[in-house]
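Examination of the molecular architecture
Below are the chains, spelled out letter by letter.
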Amino acid sequence: MGDHPEAARDDAPARRYVHPLTERYASSEMQAIFSSGHRYRTWRRLWLALAESQRELGLDIPEGALTELRAAVDRPVDLNRAAEYERRFRHDVMAHIHLYGNEAPAARGLIHLGATSAFITDNTDLVLQRSALELVRHRLVRCVSALTDFAREHRAVATLGWTHFQPAQPTTVGKRATLWIQDFLLDAEELGFRLDTLRFRGVRGTTGTQASFLELFHGDHGKVDRLDALVAEKTGFAGSYAVSGQTSPRKVDAALAATLGGIAASASKFGHDVRLLAHLREVEEPFEPEQIGSSAMPYKRNPMRAERICALARHVIVLAQDPAHTAATQWLERTLDDSANRRISIPDQYLTLDGVLVLVENVALGLRVNHAVIRRNLAGHLPFMASEAVLMKAVQRGGDRQVLHESLRRYALEAARRRDEDGDEMDLLGEIASDPDFGLSASEVAALNNPDRFVGRAPEQVDRFLETWVEPLLAQHRRGAGEQVAAPEVRV
């Protein structure tokens, strides 16, 4: 083992692995959703909902037992005592049944009546994922709101466009931001669909046949159906999935993970664009007064937040494969090779994406636009892009399109050669103005070099997009916001 200064201190915090998601990236709100205490209190609420519904449908469950269950349902769960039980029973659900029974002795023999472990674990996972999806949607809307302000402010700021990361026709800074926003709007639509169609696993028994509940209700199928509906209603779901084996449909986990992966892809696209623009010095992420960009190179202003967005987003995209594989390999009514994987992969998806969206909002709120750099970059390439307008104008004056095109090609190639090989700037537009074949004065050629001529309808597109598509979404979420979740501090 070697020498370890803390070898004798088994409980030393420094010797325990701490997950970076909880230590650095995920918000306290998302961590609370997947915390052990919240998970096990949700188990208790499900046991309570089951017992209440069974009593309402005529089973002999004393009111005193329900009173004790209600009194204990939201108490702090003794996790140490639960761990002791689990070491004895090698079964987490049975450990918590005994622990809950200790606190509600009148109900000890009735907890979990007719149910299987998946009633507790799978329904709880659905409850937790629903809460996590709602928090993700809240964060997503905040990101859209921040980017909307940015797009509106810079709606008409002309900037060089890029295709293949090569100079292309100009656009505006605000129009580029609408591309980021639209990706997030598509994610919001899909997220809304997932929340609207998420259902309860239900009260189904060991293999989904509800045989144990049919026995409890002496063959009354109506009461078994009513029990399923009552427990779903008490847990806040409109209904359950139509059929199941022992577990909830693992396709649901796969679909939700794909949605989260889609949001991560949008965030990564944003992060990569910010990194490219930071390289050009046109747009930069927030950089704090005492922030250090590099331990070796003091002048560095690395886009570390955008880089972190891309790093974490990649993890969410990769994690989407886990539930897909689980759904693909479930045997018949169920197998247990999903359990350990789901304990890790499901919370990690949400915790990681939460960290991504916290960063996206932070960057979007603090994006700095370097107008002078944008103008300089645009000016260096604009004469080449003005050549098409020059060609059209000269042809209108009676010039030969093919002859003029060849002249423009030669001038442009010579200008590019001088710039790249000699470091010399050739006056491309001046050469064109002095060529009598074009029939254009210097002032006319210069007028064609105005960047506003080349951004098309970009400013108007920004206005229409924000008004027609973005504002309704923001207004809808402002109306239904309820208690607001503050923007978490970005831990660097």
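Residues numbered from 1 in each chain as written. Predicted model: local features only at pLDDT ≥ 70, side-chain atom pairs only at ≥ 80, totals over all residues. Heavy atoms only, no water.

**Quick look at the overall build of the protein**
Along the protein, the regular secondary structure elements total 19 helices and 4 strands. Its C-alpha atoms give the protein a radius of gyration of 31 Å, clearly above 23 Å, the size a compact globule of 492 residues would have. With the C-alpha coordinates aligned to their principal axes, the bounding extent of the protein is approximately 100 × 65 × 40 Å. Here the protein, with 492 residues, has 47% of them falling under the buried criterion. Total accessible area on the protein stands at roughly 24900 Å², and carbon and sulfur atoms take up 51% of it. Between the mean site of the 61 positive side-chain charges and the mean site of the 68 negative ones, the protein shows a separation of 2 Å. (Helix = DSSP H or I, 4+ residues; strand = E, 2+ residues; numbered from the N terminus. Rg over C-alpha atoms; globule rule 2.2 N^0.38 Å. Buried < 20%, exposed > 50% of the residue type's maximum accessible area, 1.4 Å probe, protein only. Areas by Shrake-Rupley, 256 points an atom, 1.4 Å probe, with all protein chains shown as cover. Lys, Arg positive; Asp, Glu negative; His and termini not counted. Charge placed at Lys NZ, Arg CZ, Asp CG, Glu CD.)

**Quick word on the environment of Gly-366**
Relative to the helices and strands, Gly-366 resides in helix α14 (residues 339–366). Along the chain, Gly-366 and Glu-285 lie 81 residues apart, while their C-alpha atoms are 6.2 Å from each other. Ignoring sequence-local partners within four residues, the contact set of Gly-366 consists of Glu-284, Glu-285 and Pro-286. (Contact = heavy atoms within 4.5 Å.)

**Considering the nonpolar core**
When a protein is soluble and globular, its nonpolar side chains tend to lie buried together. Core analysis: the largest hydrophobic core is formed by 109 residues, its most contacted members being Met-30, Leu-69, Ile-181, Phe-270, Tyr-350 and Leu-353. Counting residues per element, this core draws most heavily on helix α7 (residues 117–153), which supplies 17 residues. Residues in contact with Tyr-350, not counting those within four places in the same chain, are Met-30, Phe-34, Gln-129, Ala-132, Leu-133, Val-136, Leu-256 and Leu-260. The next biggest cluster of nonpolar side chains, apart from the first, holds 25 residues, and it includes Leu-382, Tyr-411, Ile-432 and Phe-454. (Core = buried A, V, L, I, M, F, W, Y, C linked by side-chain atoms within 4.5 Å.)

**Looking at the confidence of the model for the protein**
Caution applies to low-pLDDT parts of the model: their predicted coordinates are not meant to be read in detail. Across the protein, pLDDT averages 89, with 92% of residues at or above 70. Of all the helices and strands in the protein, helix α17 (residues 428–433) carries the lowest mean pLDDT, 81, while helix α8 (residues 173–197) carries the highest, 97. (pLDDT = per-residue confidence, 0-100.)

**Describing unusual backbone geometry**
The phi dihedral of Arg-90 is positive, around 55 degrees, even though this residue is not glycine. Looking at the element boundaries, Arg-90 is found in the loop between α5 (79–89) and α6 (92–103).

**Observations concerning the packing of α5 against α6**
Each pair of packed helices can be summarised by the angle the axes make with each other and by the distance between the axes. It is at 8 Å that the axes of α5 and α6 come closest, and there the two elements cross at 130 degrees. The angle between α5 and α6 falls in the class oblique. In the crossing of α5 with α6, the sense of the turn from one axis to the other is right-handed. Taking contact as the criterion, the partners of Arg-81, Ala-82, Tyr-85, Glu-86 and Phe-89 in α5 are, on α6, Asp-92, Met-94, Ala-95, His-96, His-98, Leu-99 and Asn-102. (Axes fitted to C-alpha atoms, helices over the stretch in contact; angles between N-to-C directions. Parallel < 35°, antiparallel > 145°, perpendicular 65-115°, else oblique. Left-handed = near helix turned anticlockwise from the far one by under 90°.)

**Focus on the packing of α7 against α8**
With their axes 9 Å apart at the nearest point, α7 and α8 run at an angle of 160 degrees to one another. Between α7 and α8, the crossing angle belongs to the class labelled roughly antiparallel. Crossing of α7 against α8: the hand is left-handed. Broken down by class, the residue content of the contact of α7 with α8 amounts to 16 nonpolar, 4 polar and 4 charged. (Nonpolar A, V, L, I, M, F, W, Y, C, P; charged D, E, K, R; others polar.)

**Observations concerning the packing of aromatic side chains**
This structure, assessed with the given rule, holds 8 aromatic pairs. Three or more aromatic residues joined by ring pairs make a cluster, and in this case those are Tyr-40, Trp-43, Trp-47 and Tyr-100. Here Arg-81 stacks its cationic end above the ring of Tyr-85, 4.3 Å away from the centre of that ring. One residue, Arg-410, lies across the ring of Tyr-411, its end atom 6.0 Å from the ring centre. (Phe/Tyr/Trp six-rings, centres within 6.5 Å; stacked < 30°, edge-to-face > 60°. Lys NZ or Arg CZ within 6 Å of the ring centre and 35° of its normal.)

**Digging into the pattern of salt bridges**
Applying the stated rule across the entire model yields 35 salt bridges. Here Arg-417 and Glu-421 are joined by a salt bridge, their closest N and O atoms 3.4 Å apart. Here the residue Arg-417 and the residue Glu-421 both occupy positions in helix α16 (residues 401–422), the gap between them amounting to 4 residues, near one helical turn. (Salt bridge = Lys/Arg side-chain N within 4 Å of Asp/Glu carboxyl O.)

**Examining the state of the cysteines**
As enumerated under the stated definition, the model contains 0 disulfides in all. This cysteine, Cys-143, is not joined by any disulfide, and Cys-310 carries the nearest cysteine sulfur, 14 Å off. (Disulfide = S-S within 2.5 Å.)

**Things to note about the pairing of strand β2 (residues 166–172)**
Taken together, the 5 bridges between strand β1 (residues 158–163) and β2 define a ladder with antiparallel strand orientation. Bridge pairing links Thr-159 to Thr-171 in β2. Between β1 and the antiparallel strand that follows it, β2, lie 2 residues; His-164 among them carries a positive phi value of about 60 degrees. (Pairing = 2+ DSSP bridges.)

**Describing the side chain of Asp-354**
Tracing the backbone through its elements, the reader meets Asp-354 in helix α14. Exposure remark for Asp-354: the relative accessible area of 1% places this residue in the buried category. In contact with Asp-354, other than residues within four places in its own chain, are Ala-26, Ser-27, Met-30, Leu-135 and Arg-139.

**Concerning α14**
In this model, α14 (28 residues) spans 41 Å end to end at C-alpha, consistent with the 40 Å of a helix rising 1.5 Å per residue. Counting buried positions along α14 yields 20 of 28 residues, so the element is predominantly enclosed. (Expected span 1.5 Å × (residues − 1).)

**Remarks on α7**
Under the 1.5 Å per step criterion, the end-to-end length of α7 is 54 Å for 37 residues, consistent within 8% with the ideal 54 Å. Burial runs high along α7: 27 of the 37 residues are buried.

**Some words on the side chain of Thr-259**
Of note, Thr-259 is situated in helix α11 (residues 250–280). Residue Thr-259 is classed as buried on the basis of its relative accessible area, which comes to 2%. In contact with Thr-259, other than residues within four places in its own chain, are Glu-190, Leu-191 and Arg-194.

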